[in-house]
Amino acid sequence: MSWWRRVRNLGRRERVDAEIAEELAAHVEMAADEAVRNGAGEAEARRTARLRFGNPVAVREQTAGADAALGLAGVGRDVKHALRQMRRSPGFAAAAIATLALGIGATTAIFTLIEQVMLRSLPVEKPQQLWRIGDSVGCCYSNGYTQSNEQAQNDWSFFSWEAYKAFRANTPGFADLAAFEPGEGNAELAVRRMGSAAAPEPRNGEYVSGSFFRTFGAAAWRGRVFTDADDREGAPPVAVMSFHTWQENYGSDPSVVGGTYEMNGHTFTVIGVAPPSFYGARVAAWGMPDVWLPLAAEPVIAGGTSRLKNPASAWLDLIGRVRPGTNPRALQAQLQGELQAWLASHVAEMDAQEKALWRKQTLRLTPGGGGVSLMREAYGRDLKLLLAAAFCVLLLACANLASLLLARGLRNRRQTAVRVALGASRGRLIRKAVVESVMLGLAGGAAGIAVAIAGAKLILQLAFARSAQSSWIPVQGSVSLPALLFALGLAAMTGVAFGVAPAWITSRAEPIEAMRAVRTMGGDRPGAQKALVVVQAALSLVLLSAAAMLGQSLRNREHQDWGFDPRGRYLVSIDPKLSNYRQDELAPLFREIEAQLRAIPGVRSVGAVLEAPPGGWITHEIRIEGQAEPGPGADLISGWTRVTPGFFPTYAERIVRGRAISEEDTAATRPVAVVNEAFAKKFFGGQNAIGQHFGPAPERNAAMYEIVGVAANVEFENDLQQPMYLLPEAQSTSFVDANTESREVWSHYLYNVAIWAPGSPPDLEARVKKALGDAAPDLTVYGMESYVEAIRDGFAAQNMIATLTWMFGGIGLLLTAVGLYGVTAYGVEQRTGEIGVRMALGADRGSVVAMVLRGAFAQVGLGIAVGIPVAIGTGRALGSRLFGVQPWSPALLGLAAVALLLTAVVAGAIPARRAAGVDPMESLRAE
């Protein structure tokens, strides 16, 4: 048959079969005629010829199967047959599709977020041409002429404005070089339109260089973006608004462009709106920029805390667009030389430690197409962990699919044997079964996309609920094209991988089985299915134990010893800087705020603090009066914060020695500090800390503060033993060093007001808002929440992992129950005759039930035995995430094992009851 005829007959299998049958009949006829000529009888000759050529159906199948084009036509027929089978068995199809939808949907949901958080490039022009100077992602600045990070000592990632200008002027390998604020170090703005009587609204600002938008190839949606002329000292203050803010907060009002706005009391003109897809160069879970400001505007907003012209203040990230043909390694070497040259020009300004280390400072050039992603750093490990858990769920779903296909194949084994006897090849039978499996997999993948969309939205809600209240995040719950292809590819591979084995097993039916009318007692036991159930039980135990460990760890964190009782305490977030309070107005402001809040019925105490525990704190090196200057590598780091006198009674912080900060500690008295026990232990050992003096490095500040009290430790950043010192809000000191002076000025703008009001007084939030309005009408207030809620919000990522792992564990348990039920029910069906004989010989219903349940318990028990070592290994891998939980906890492993055993009872109860109801006579009659 010519190739043209094969192609022409593709899809017309009946005609091809007729031609093959005609050709085969002609061969048989010629063989018979030849035998007759050789002396054989006519009947015997025809019989011998037919035996020689074999079963005509088998010959036709083999001939058609050898033809590639006809093979494709056969696949098409198998697809139609699979769809027909799915329509005829809707229960089977629904169970298989729903099972796969859960597994594929969960995996695709996690992959969707991994693709957006970890793999996606910035939506800018030619992101592959972008390279970042630095390899560390952090927040928010570094003071001094030396840097280090956790990945490698002496590696630079933050740069001063002066260093940025040096790189830009001396590096021709960059077509453009942009500078912008790193991490979540955004400028907090209070914005309102000029002439408006409305209260200013909080917005997130970000300082960027004039080359920022040009470097990323982002043109304006409306108006224009920054140029170098906008980023010069003395230039008119201008701003570019993000498309999201323009649309969501200003209703896409065209008059925004060209309008003048008051930002922190200063007049800015909005010159343009960024394009819809552009969200900047950094990706974070909160604080994404609403407004971009030129770097030259930073002194206007920051005032005395400005960092722009301080060469020792590194607060900028740098990303450049390299020229075509530039060698990144050569460019990195050039930048390294430029860094060393710039540092050499500032040796005279360095302290002793910096002079010893500046020659060792290095930098790395890294791909910048993905931007600077704090989200990748914060959630990357979590998403990988969840992807592993989702793959476990997928394996459980695939095991169920294989079990369902195997059970149906074994049930139809006699029908398969008949087909083999009639000439069907085993390859054809396997292909038919695999095609059906792939069709189920694709249907499950299509349904899984809907599950993935819902799952991705759930993860976003769990992980970013707090950030979503204040600003948007550049992550969407919709399934992208890569995620869609991932889901469909996963579905197809699932169908093939877990359809071949059942198809192979069921295709091994011998033709003689078609002649058997009686089943052997105890035969056809589904060993492969039981093995699948054992694997499912083991995976379920791993998921459940991991969920139990993560859940217990989260509870331990939320209920740990904070050094104070969070119950009955509330936290108000404010920002006096946005309301343009001068530093000399702050102490009276907080006294008035505390007086108004204390007047609310039910309020016991009120205190303000720079950063409330257990949240953030600031660290720096200190020096102790009378102690020698430390050598390189000495650990003299301490945390610190600034508080009002009401802080101590509000947090019920116990003073161990000396006294607390009081109203008598004013600007007219000597500067004092209260240190915690961890500070006293670290820096004074067994000596009495009261009366000792210390201060921020360098040595000239060592006599700055006198210690007047030692307080019990309070939790800061999950560390109850963090050395801390607390300074009075009413006292201020001066420093020669610009960085330290800037920090001193900034630290008086306290961000949190804590309220102790046990018993949940009625209408407390409304009364607090009114009291704050009476005390300071212009004060920017972000909101109020209970301390319990604030602590819970701080564990959003841990809560996401624990919640989703519990969900995956629950789904895994359900899939294990379904698989165990299917195996047990099939086993009862296959052993109906045996059960009938047992009952006819005197076995009661209880013994039959026990026999069935023993089989279910045996499979789950073996799965538990296999799963326990794996669960312990998983616990060890999770060790850094566990708080107060051992990976080999007998209680948690026992809880997971009990859940599986209860699942065995539930899954085996229905088949056991069915077995106990077998009528011995009807069973034997059926056999």
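Note that this is a predicted model, so its numbers are computed, not measured.

1. Let's talk about the confidence of the model for the chain
Low-confidence regions, as indicated by low pLDDT, have predicted coordinates that should not be scrutinised in detail. On average, residues of the chain score 82 in pLDDT, and 83% of them are at 70 or above. Note that residues 66-72 has pLDDT below 50 and, in this model, 10 contacts with residues that lie over four places away or in other chains.

2. Quick notes on the packing of aromatic side chains
With the rule as written, the count across this model stands at 33 aromatic pairs. Judged by centre distance (6.4 Å) and plane angle (45 degrees), the rings of phenylalanine 679 and phenylalanine 684 are tilted. A relative accessible area of 5% means that phenylalanine 684 is categorised as buried. Clustering of aromatic rings is evident, with ring pairs tying together Phe180, Phe212, Phe213, Phe216, Phe226, Phe278 and Trp292. Geometry around tryptophan 756 places arginine 569 over its ring, the cationic atom sitting 4.6 Å from the centre.

3. Some details on helix α11 (residues 328-344)
The terminal C-alpha atoms of α11, which comprises 17 residues, lie 24 Å apart, in line with the 24 Å expected from a rise of 1.5 Å per residue. By the burial criterion, the buried members of α11 are Leu331, Leu335, Gln336, Glu338, Leu339, Gln340, Trp342 and Leu343. Residue asparagine 327 occupies the N-cap position of α11, its side-chain oxygen lying 2.9 Å from the main-chain nitrogen of arginine 329.

4. Some remarks on the pattern of salt bridges
A side chain of one charge can pair with a side chain of the opposite charge when the charged atoms of the two come close. This model, assessed by the stated rule, comprises 24 salt bridges. Between arginine 214 and aspartate 176 there is a salt bridge, and its shortest N-O distance comes to 2.9 Å. Within this pair, whereas arginine 214 is found in helix α8 (residues 212-216), its partner aspartate 176 is found in strand β4 (residues 174-180), the two being separated by 38 residues in sequence. On the basis of relative accessibility, which here comes to 38%, the residue arginine 214 falls in the partly exposed class. Residue class for aspartate 176 comes out buried when judged on its relative accessible area of 14%.

5. A short note on the nonpolar core
Membership of the largest hydrophobic core comes to 91 residues, with the highest contact counts inside it found for Phe212, Phe213 and Phe216. The element that contributes the greatest number of residues to this core is helix α13 (residues 374-411), accounting for 12 residues. Residues contacting phenylalanine 216, with those up to four places away along its chain left out, are Leu122, Val124, Glu125, Leu130, Ala178, Phe278, Ala281, Ile319 and Arg321. Grouped together as the second largest cluster of nonpolar side chains are 49 residues, Leu636, Phe679, Phe684 and Tyr705 included.

6. A look at a nonpolar patch on the surface
A cluster of nonpolar side chains, namely Phe857, Leu901, Val905 and Val906, defines an oily patch on the protein surface of about 310 Å² accessible area. Per-element accounting of the nonpolar patch gives the leading share, 3 residues, to helix α27 (residues 890-916). With respect to the helices and strands, the residue valine 905 is situated in helix α27.

7. Description of the packing of helix α24 (residues 796-830) against helix α26 (residues 845-877)
At a closest axis distance of 10 Å, the pairing of α24 and α26 adopts a crossing angle of 140 degrees. Between α24 and α26, the angle is such that the two are oblique. With respect to the hand of their crossing, α24 and α26 are arranged in right-handed fashion. Packed against α24, whose contacting residues are Leu820, Val823, Thr824 and Val828, the element α26 presents Val852, Ala856, Gln859 and Val860 at the interface.

8. Here we look at the side chain of glutamine 536
The residue glutamine 536 is located in helix α17 (residues 527-558) in this model. On the basis of relative accessibility, which here comes to 1%, the residue glutamine 536 falls in the buried class. Discounting residues that sit within four places of it in the chain, glutamine 536 has contacts with Leu396, Ala399, Asn400, Leu815, Thr816 and Gly819.

9. Concerning the pairing of strand β12 (residues 291-294)
Both faces of β12 are covered, namely the face carrying Val291 and Leu293 and the face carrying Trp292 and Pro294. Examined bridge by bridge, strand β6 (residues 201-208) and β12 share 4 bridges and lie parallel to one another. Its bridge partner being in β12, glutamate 206 is matched across the sheet by tryptophan 292. Pairing between strand β8 (residues 238-241) and β12: 2 bridges, direction antiparallel. From the neighbouring strand, valine 240 faces β12, where its bridge partner is tryptophan 292.

10. Description of the environment of isoleucine 661
Mapping isoleucine 661 onto the fold places it in the loop between β22 (655-658) and β23 (672-676). A sequence separation of 67 residues divides isoleucine 661 from proline 728, and the C-alpha atoms of the two residues are 6.4 Å apart. With residues near it in sequence (within four places) discarded, isoleucine 661 still touches Val643, Pro645, Phe648, Val674, Leu726, Leu727 and Pro728.

Conventions and cut-offs
Residues numbered from 1 in each chain as written. Predicted model: local features only at pLDDT ≥ 70, side-chain atom pairs only at ≥ 80, totals over all residues. Heavy atoms only, no water. pLDDT = per-residue confidence, 0-100. Contact = heavy atoms within 4.5 Å. Phe/Tyr/Trp six-rings, centres within 6.5 Å; stacked < 30°, edge-to-face > 60°. Buried < 20%, exposed > 50% of the residue type's maximum accessible area, 1.4 Å probe, protein only. Lys NZ or Arg CZ within 6 Å of the ring centre and 35° of its normal. Helix = DSSP H or I, 4+ residues; strand = E, 2+ residues; numbered from the N terminus. Expected span 1.5 Å × (residues − 1). Polar contact = N/O pair within 3.5 Å; in protein donor to acceptor, adjacent residues only side chain to side chain. Salt bridge = Lys/Arg side-chain N within 4 Å of Asp/Glu carboxyl O. Core = buried A, V, L, I, M, F, W, Y, C linked by side-chain atoms within 4.5 Å. Patch = residues over 30% accessible without salt bridge, like charges linked within 9 Å, V, L, I, M, F, W, Y side chains within 5 Å. Areas by Shrake-Rupley, 256 points an atom, 1.4 Å probe, with all protein chains shown as cover. Axes fitted to C-alpha atoms, helices over the stretch in contact; angles between N-to-C directions. Parallel < 35°, antiparallel > 145°, perpendicular 65-115°, else oblique. Left-handed = near helix turned anticlockwise from the far one by under 90°. Pairing = 2+ DSSP bridges.

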